[in-house]
Amino acid sequence: MARTPSASLSDVESFLIAVAVGAVFGLILALVMRSRARQRESGAPRPERGRARPIPTRPETEAPPRRPRAATAPAPTRPPVVRGDGLGSRIRALFAGKKATAEEWSRLGELLIRADVGPGAAAQLVERVRGRYEDDSSDPTTLIAEEVATALGGDTALHLKPGELTVIMVVGVNGSGKTTTIGKLAAYLRDRGLKVGLANSDTFRAAAGEQLSVWAERAGAHIVTQTRGADPGAVAFDAVESARARGDDVLIVDTAGRLHTRQPLMAELEKVKRVLEKAAGDVEEVLLVIDGTTGQNGIAQAREFTKAVPLTGIALTKLDGTAKGGIVIAVRDELGVPVKLVGTGETIHDLQPFDPKTFADNLLAG
């Protein structure tokens with residue numbers, strides 16, 4: 001059956017209407033997409049379906065880049081009490097900003113004991129300082145330094161006989177710095193215009209004579225020595241005779257470094273001293289060399305040496321910042337033996353007469 005013209009026209013009209021409708025929808029879709037694109041470019045929030053629209057807030061503006069801040073000094077604050085690890089710092093921290101009670105005084109005693117002062121001497125120092133201390137108006141470190149200087153005062157000088165031979169006997173354990181101290185003492189006396197001789201009665205230790213000979217050459221002193229194993233008393237006797245013949249002012253006698261627990265060796269010291277007294281008439285000084293880092297063992301050493309040969313003084317070595325030094329107070333308190341010399345370094349001139357005030361200030365420093 002052939003199609004009529006009216007049917008053909010109706011098909012054309014339907015097609016045109018569909019095209020027009022599609023064009024309208026296409027235009028609407030294009031407008032919607034363009035609007036959304038503009039929203040994204042402007043940063044406007046995109047509304048979401050099914051959710052409450054957020055409450056608009058003040059838009060955040062991008063802050064301009066900040067300039068680097070110049071370094072400024074911190075606001076001044078009160079400096080802390082503790083500045084270091086020294087005994088003085090710990091004592092100041094103990095009493096800072098509070099009233100001294102029995103607990104503070106007890107802890108002060110503990111600090112002194114840790115510094116090798118010894119329980120007896122520490123208790124006496126605490127008692128004396130406590131009697132002078134006034135809250136908020138006293139510096140406990142200053143008071144302790146004054147009490148330490150007083151306790152260590154008295155006769156701390158070397159005794160020399162003008163116009164006669166002075167014999168100084170030096171004792172001590174190996175490793176305490178005994179031979180080094182003898183060399184430094186010889187240089188100290190030589191610098192003061194005295195003629196000095198050395199005697200190597202340390203005939204037990206290998207190379208002891210060679211070591212003392214090196215120090216004698218550095219100090220400009222004469223030395224009398226014999227082969228290893230020789231009789232120490234015989235060396236001491238020959239040294240006295242030689243010193244008199246040479247017109248020496250001072251004779252310093254080195255003895256074998258020995259453990260203070262070895263009684264036969266300690267008895268040898270008594271023999272050497274008797275020989276010196278017989279040959280020279282008197283031994284003016286008997287010095288015990290103590291390593292300043294030895295701690296409370298130094299008291300045991302001093303006690304045993306005192307039994308063998310009465311000590312007149314102590315030479316404290318290695319007092320160069322590594323030693324606590326409180327052992328000096330303990331030895332003085334228990335045995336009444338004064339410190340006369342202190343070694344503060346490695347060079348030949350690092351030996352000084354003991355100054356109680358300087359020592360006390362250094363002990364409480366930090």
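This text follows the structure it describes.
Keep in mind that what you see is a predicted model, and the values were worked out from it rather than measured.

What counts, and at which threshold
- Residues numbered from 1 in each chain as written.
- Predicted model: local features only at pLDDT ≥ 70, side-chain atom pairs only at ≥ 80, totals over all residues.
- Heavy atoms only, no water.
- Buried < 20%, exposed > 50% of the residue type's maximum accessible area, 1.4 Å probe, protein only.
- Helix = DSSP H or I, 4+ residues; strand = E, 2+ residues; numbered from the N terminus.
- Axes fitted to C-alpha atoms, helices over the stretch in contact; angles between N-to-C directions.
- Parallel < 35°, antiparallel > 145°, perpendicular 65-115°, else oblique.
- Contact = heavy atoms within 4.5 Å.
- Nonpolar A, V, L, I, M, F, W, Y, C, P; charged D, E, K, R; others polar.
- Patch = residues over 30% accessible without salt bridge, like charges linked within 9 Å, V, L, I, M, F, W, Y side chains within 5 Å.
- Areas by Shrake-Rupley, 256 points an atom, 1.4 Å probe, with all protein chains shown as cover.
- Salt bridge = Lys/Arg side-chain N within 4 Å of Asp/Glu carboxyl O.
- Left-handed = near helix turned anticlockwise from the far one by under 90°.
- Core = buried A, V, L, I, M, F, W, Y, C linked by side-chain atoms within 4.5 Å.
- Pairing = 2+ DSSP bridges.
- Expected span 1.5 Å × (residues − 1).
- Arc of directions from axis to C-beta.

Three- or four-residue spacings in an α-helix give side chains the same orientation, since the helix completes a turn every 3.6 residues. Looking only at helix α11 (residues 327-335), the buried set comprises I327, V328, I329, A330, V331 and R332. Residue G336 follows α11 closely and has a positive phi angle near 70°.

Moving on: the packing of helix α2 (residues 87-95) against helix α5 (residues 140-151). Angle between the axes and distance between the axes are the two parameters that describe a pair of packed helices. In the contact formed by α2 and α5, the axes pass within 9 Å of each other and the chain directions differ by 130°. Classed by the angle they form, the pair α2 and α5 counts as oblique. On α5, the residues that touch G88, I91, R92 and F95 of α2 are P140, T141 and I144. In terms of residue class, the contact of α2 with α5 is built from 4 nonpolar, 2 polar and 1 charged.

Moving on, we come to a nonpolar patch on the surface. A grouping of I17, V21, V24, F25 and I28 is seen on the molecular surface, where their side chains present a nonpolar patch of about 480 Å² in accessible area. Relative to the helices and strands, I17 is located in helix α1 (residues 5-42). Exposure remark for I17: the relative accessible area of 56% places this residue in the exposed category.

Contact geometry for helix α10 (residues 297-308) and α11: axes closest at 9 Å, N-to-C directions at 35°. Crossing of α10 over α11 shows right-handed handedness. Contacts from G298, I299, A302, R303 and T306 in α10 reach I327, A330, V331, E334 and L335 in α11.

Attention now moves to the nonpolar core. Nonpolar side chains in soluble globular proteins generally cluster together in the buried interior. One finds L108, M169, L276 and F359 to be the most contacted residues of the largest nonpolar core, which totals 67 residues. If you tally residues by element for this core, the top one is helix α9 (residues 263-280), at 6 residues. Non-local contacts of L276, meaning those with residues more than four positions away in its chain, are made with V167, M169, A236, V240, V253, G281 and V283. Core analysis: the next-biggest nonpolar cluster, separate from the first, contains 25 residues, L158, A216, A219 and L341 among them.

With respect to the element layout, T179 can be found in helix α6 (residues 178-191). Once you skip the residues sitting within four places of it in the chain, T179 turns out to touch R205, Q211, L212, W215 and D254.

Bringing the pairing of strand β7 (residues 339-343) into the picture now. In terms of burial, β7 is largely enclosed, as 5 of its 5 residues are buried. Here strand β6 (residues 313-317) pairs with β7 via 3 bridges, running parallel. By the bridge assignment for β7, A315 is matched with L341. Two strands pair when backbone bridges link them, and β7 and strand β8 (residues 351-353) are joined in this way by 3 bridges, in the antiparallel orientation. For L341, the partnering residue across the bridge sits in β8 and is P353.

For helix α3 (residues 102-114), built from 13 residues, the straight-helix expectation of 18 Å at 1.5 Å per residue is met to within 8% by its first-to-last C-alpha distance of 19 Å. Where α3 is concerned, the buried positions are E104, W105, L108, G109, L111 and L112. Take α3 and look down its axis: the buried residues cluster within an arc of 160°, on one side only. Facing away from the buried side of α3, by more than 90 degrees, are the exposed residues A102, E103 and R114. The secondary structure elements touched by the buried residues of α3 are α2, α4 (119-132) and α5. Backbone geometry just after α3 places D116 at a positive phi near 70°.

Going through the model one piece at a time under the given rule, you end up with 12 salt bridges. Note that D254 is salt-bridged to K178, the shortest N-O span being 2.6 Å. Here the residue D254 occupies a position in strand β4 (residues 250-255), and K178 occupies one in helix α6, the gap between them amounting to 76 residues. Under the relative-accessibility criterion, D254 is labelled buried at 0%. Linked by salt bridges that have partners in common, R132, E146 and E147 make up one network.

The buried fraction of strand β5 (residues 285-291) amounts to 7 of the 7 residues, a majority that puts the element mostly inside the structure. Neither face of β5 is exposed, since E285, L287, V289 and D291 on one face and V286, L288 and I290 on the opposite face are all buried. Judged from the 4 bridges that link them, strand β1 (residues 166-171) and β5 form a sheet pairing that is parallel. Bridge pairing in β5 places M169 opposite V286.

Before going further, it helps to examine the sheet that holds β7. One open sheet holds the 8 strands; their spatial order is β3-β2-β4-β1-β5-β6-β7-β8, and the pairing between them is mixed. Single-partner strands in this sheet number two, and they are β3 (222-224) and β8. Averaged over all pairs of adjacent strands, the angle between strand axes in this sheet comes to 25°, irrespective of strand direction. For strand β2 (residues 196-201) and β4, the ladder comprises 6 bridges, and the chain directions are parallel. Counted as the bridge partner of V196 is V250 from β4. Its contacts with the sheet place α6 against β1, β2, β4, β5, β6, β7 and β8, and it is angled at close to 175° to β4.

Nothing here speaks to function; it is all geometry.
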